[in-house]
Amino acid sequence: QVQLVESGGGLVQAGGSLRLSCAASGRTFSSYNMGWFRQAPGKEREFVAAVSWSGGTTYYADSVKGRFTISRDNAKNTVFLQMNSLKPEDTAVYYCAARNKYTMGSWDYAYQYSYWGQGTQVTVSS
């Protein structure tokens, strides 16, 4: 079992930055690939970024590539999402998720993630 708690969301002006954190419980954090997803009002949940269990491989949605950076600290059981050059269309609830590192398939499929946090709201004003 893994419990995930996100933090760091808030209100920011367009062009600004935020850093999201996701703290995981348990001693097997390094057994999981980690991802960030987001869901805007009236829209489906969409993939944002993912990082491998070791931190050595990352994967981004085209919409955030070059602006967002995902990273992790296995010693602190935490995954981060650094968001720069934010746009109003980035406004959403952001969710952290964990996927067993042996799970095969594309990392942007939400159904492949077994554990989810409660989400943190990010609002970007124009």
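These remarks concern the structure in this document. (Residues numbered from 1 in each chain as written. Predicted model: local features only at pLDDT ≥ 70, side-chain atom pairs only at ≥ 80, totals over all residues. Heavy atoms only, no water.)

Looking now at the overall build of the protein chain. Helix and strand content of the protein chain: 0 helices and 11 strands. Listing each helix as α and each strand as β along the protein chain from the N terminus yields β-β-β-β-β-β-β-β-β-β-β. If you line up the protein chain on its principal axes, its C-alpha atoms span 40 × 25 × 25 Å. The buried share of the protein chain, reckoned over its 126 residues, is 44%. Within the protein chain, counting contacts between residues at least 6 apart in sequence, those at least 24 apart form 59% of the total. Accessible surface, the protein chain as shown: approximately 6500 Å² in total, 48% of it carbon and sulfur. When the 12 positive and 8 negative side-chain charges of the protein chain are each reduced to one mean point, those points stand 8 Å apart. (Helix = DSSP H or I, 4+ residues; strand = E, 2+ residues; numbered from the N terminus. Buried < 20%, exposed > 50% of the residue type's maximum accessible area, 1.4 Å probe, protein only. Contact = heavy atoms within 4.5 Å. Areas by Shrake-Rupley, 256 points an atom, 1.4 Å probe, with all protein chains shown as cover. Lys, Arg positive; Asp, Glu negative; His and termini not counted. Charge placed at Lys NZ, Arg CZ, Asp CG, Glu CD.)

Here we come to the packing of aromatic side chains. For any pair of aromatic rings, the description rests on two quantities: the centre-to-centre distance and the angle between the ring planes. Under the defined criterion, the tally for this structure stands at 7 aromatic pairs. Seen from their ring centres, Phe 37 and Phe 47 are 5.6 Å apart, and the 75 degrees between their planes marks the pair as edge-to-face. Taken together, the residues span a long stretch of sequence, with Phe 37 in strand β4 (residues 32-39) and Phe 47 in strand β5 (residues 46-51) at a distance of 10 residues. In terms of burial, Phe 37 and Phe 47 fall into one category: buried. Ring plane angle 55 degrees and centroid distance 5.0 Å describe the contact between Phe 37 and Trp 116, whose orientation is recorded as tilted. With a gap of 79 residues between them, Phe 37 in strand β4 and Trp 116 in strand β10 (residues 115-116) connect regions that are remote in the sequence. Given a relative accessible area of 1%, Phe 37 falls into the buried group. These aromatic residues form a ring-pair network of at least three members: Phe 37, Phe 47, Tyr 59, Tyr 113 and Trp 116. The ring of Tyr 95 carries the charged tip of Arg 45 above its face, separated from the ring centre by 3.9 Å. (Phe/Tyr/Trp six-rings, centres within 6.5 Å; stacked < 30°, edge-to-face > 60°. Lys NZ or Arg CZ within 6 Å of the ring centre and 35° of its normal.)

Attention now moves to unusual backbone geometry. The phi angle at Asn 77 is positive, at roughly 50 degrees, despite the residue not being glycine. Locating Asn 77 in the fold gives a position in the loop between β7 (68-73) and β8 (78-83). Of note, Ser 85 is a non-glycine position whose phi angle comes to about 50 degrees, a positive value. Among the secondary structure elements, Ser 85 is positioned in the loop between β8 and β9 (92-100).

Two modes of strand pairing occur in sheets, parallel and antiparallel, and in both the strands are linked by backbone hydrogen bonds. Strand order in the open sheet formed by 4 strands is β1-β3-β8-β7, with antiparallel pairing between adjacent strands. The sheet is open, and its two edges are formed by β1 (4-7) and β7, each paired on a single side. Neighbour to neighbour, the strand axes of the sheet diverge by 15 degrees on average, direction disregarded. Across 4 bridges, β1 lies against strand β3 (residues 18-24) in antiparallel orientation. Across the sheet, the residue bridging to Leu 4 is Ala 24, located in β3. (Pairing = 2+ DSSP bridges. Axes fitted to C-alpha atoms, helices over the stretch in contact; angles between N-to-C directions.)

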